[in-house]
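# Per-entry structural report
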Amino acid sequence: MERWPALELASTIRHDGNGGVADDLATVQSTARWIHQQADLLGGHVDIAGLSMDERLRGEIVGLRRAVRALFAQAVSPAPPSRADAHLLVPVEQALAHLNAAAAREAIVPQLDWPAGGAPRTEVLSTERDASVQLIAALARAAIDFLSGPRREQLRACNAPRCVRYFVKSHGRQEWCKPSCGNRARAARHYQRHNATTARDLPGS
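A brief structural summary. Because the structure is predicted, anything quoted here is derived from the model rather than measured. (Residues numbered from 1 in each chain as written. Predicted model: local features only at pLDDT ≥ 70, side-chain atom pairs only at ≥ 80, totals over all residues. Heavy atoms only, no water.)

### Quick word on the overall build of the protein
- Helices and strands together make up the secondary structure of the protein, namely 7 helices and 6 strands.
- Listing every helix and strand of the protein by position from the N terminus yields α-β-β-α-α-α-α-β-β-α-β-β-α.
- Looking at the protein alone, contacts between residues at least 24 apart form 58% of all its contacts between residues at least 6 apart.
- When the accessible area of the protein is evaluated, it comes to approximately 11900 Å², of which 53% is carbon and sulfur surface. (Helix = DSSP H or I, 4+ residues; strand = E, 2+ residues; numbered from the N terminus. Contact = heavy atoms within 4.5 Å. Areas by Shrake-Rupley, 256 points an atom, 1.4 Å probe, with all protein chains shown as cover.)

### Some points on the pattern of salt bridges
- Summed over all chains, the structure comprises 13 salt bridges.
- Its salt-bridge partner being arginine 151, residue glutamate 2 comes within 3.2 Å of it at the nearest N-O pair. You can see glutamate 2 sitting in the segment before helix H1 (5-10) and its partner arginine 151 sitting in the loop between helix H6 (131-147) and strand E5 (155-157), a full 149 residues away along the chain.
- By relative accessible area, arginine 151 is classed as partly exposed at 34%. (Salt bridge = Lys/Arg side-chain N within 4 Å of Asp/Glu carboxyl O. Buried < 20%, exposed > 50% of the residue type's maximum accessible area, 1.4 Å probe, protein only.)

### So, the state of the cysteines
- The full count for this structure, using the stated rule, is 0 disulfides.
- You can see cysteine 181 has no disulfide; the closest cysteine sulfur is in cysteine 163, sitting 3.7 Å from it. (Disulfide = S-S within 2.5 Å.)

### Observations concerning the packing of helix H5 (residues 92-103) against H6
- At a minimum axis separation of 7 Å, H5 and H6 run at an interaxial angle of 125°. The orientation of H5 relative to H6 falls into the category oblique. Considering only the axes of H5 and H6, their crossing is left-handed. Every residue of H6 that contacts H5 at Leu99, Asn100, Ala102 and Ala103 is listed here: Ile136, Ala137, Ala140, Arg141, Ala143, Ile144 and Leu147. (Axes fitted to C-alpha atoms, helices over the stretch in contact; angles between N-to-C directions. Parallel < 35°, antiparallel > 145°, perpendicular 65-115°, else oblique. Left-handed = near helix turned anticlockwise from the far one by under 90°.)

### Thoughts on the packing of aromatic side chains
- Summed over the entire model, instances satisfying the criterion amount to 3 aromatic pairs.
- When the ring of phenylalanine 72 is compared with that of tyrosine 166, the centres are 5.4 Å apart and the planes differ by 80°; the resulting orientation is edge-to-face. Linking phenylalanine 72 in helix H4 (residues 55-76) with tyrosine 166 in strand E6 (residues 166-168), this pair joins segments that are 94 residues apart in sequence.
- On the accessibility criterion, tyrosine 166 (3% relative accessible area) is buried.
- Ring pairs connect the aromatic residues Trp4, Phe72, Phe146 and Tyr166, which therefore count as one cluster. (Phe/Tyr/Trp six-rings, centres within 6.5 Å; stacked < 30°, edge-to-face > 60°.)

Structure below.
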């Protein structure tokens, strides 16, 4: 399954399985664990081993997530955004400024590489040695690429009961982020229809 750093960042706010919302970036330790889980997505741009995770860096990642989720809410509009933070979203202009400033923290130079007998490809060179700056800038660039690319049109907020995830729609009829959410949504609809029928059949209805 294809993964996108921007969606992975937004998905650190998720349903906790008990009717509430979990935050994978709630502590320094959980944030460090999440970063290492993204090593395959970020390893080419970030010195993961050189990262020194602390409360300052955690706060920067959380701030970037807040901007990304505000822009995700804008992307799915006029459909409703994720219920997890719909009442806490920062203004779009503020989110854009935050994201662009984060991306600008690392100066990068695109270079064309064309191996013999192979296809040309682009490499990004940077002289930045601070792994935390690399991380924030890489996450911001990934969000810019995602939101300015074709996947933005397929971005959705899952409307299943209790789910707060954003997801990329992979086929025409997809309504939910995963099958279990579809099962919950269908069960909820059945329950609502059953209750409505029962109410109509009551004496005096």
